[in-house]
Amino acid sequence: MAEELSTHLGVDIEYNSPSLLNFFLEKRKQKLPGMLILVMIMLHYLPRFQREPETAEWVERLLNRPARIFEQFIKNNMDLLSE
């Protein structure tokens, strides 16, 4: 996503994923419970090891239009994204 935004907006956008340890320590500083942090880690990191899911048909039914790819979202919202 950062690469797509950089390309279309002409701005260098970089995403740096924190290490698991740094994430855990930062959240502990924020006084979040350890078990909640572990759940957050699992919800964030486990999907990275699965294949990208196909867009389900319910997306079209919910939106009442075909789903859009991220590039199209950027193009449709250039004025808002470039502020």
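Residues numbered from 1 in each chain as written. Predicted model: local features only at pLDDT ≥ 70, side-chain atom pairs only at ≥ 80, totals over all residues. Heavy atoms only, no water.

> Describe the pattern of salt bridges, listing the residues and the values that go with them.
Applying the stated rule across the entire model yields two salt bridges. The closest approach of N and O atoms between Glu71 and Lys75, which form a salt bridge, is 3.5 Å. Of the two residues, Glu71 and Lys75 both sit in helix α5 (residues 70–76), four residues apart, roughly one turn of that helix. (Salt bridge = Lys/Arg side-chain N within 4 Å of Asp/Glu carboxyl O. Helix = DSSP H or I, 4+ residues; strand = E, 2+ residues; numbered from the N terminus.)

> Give me the lowdown on helix α1 (residues 2–9), citing residues and values where you can.
Among the residues making up α1, those that are buried are Ala2, Leu5, Ser6 and Leu9. The buried residues of α1 all sit within an arc of 100 degrees when viewed along its axis, so they share a single face. Along α1, exposed side chains directed more than 90 degrees from the buried face belong to Glu3 and Thr7. If you follow the buried residues of α1, they end up packed against α5 and α6 (78–81). Following α1 by one or two positions, Gly10 adopts a phi angle in the positive range, close to 70 degrees. (Buried < 20%, exposed > 50% of the residue type's maximum accessible area, 1.4 Å probe, protein only. Arc of directions from axis to C-beta. Contact = heavy atoms within 4.5 Å.)

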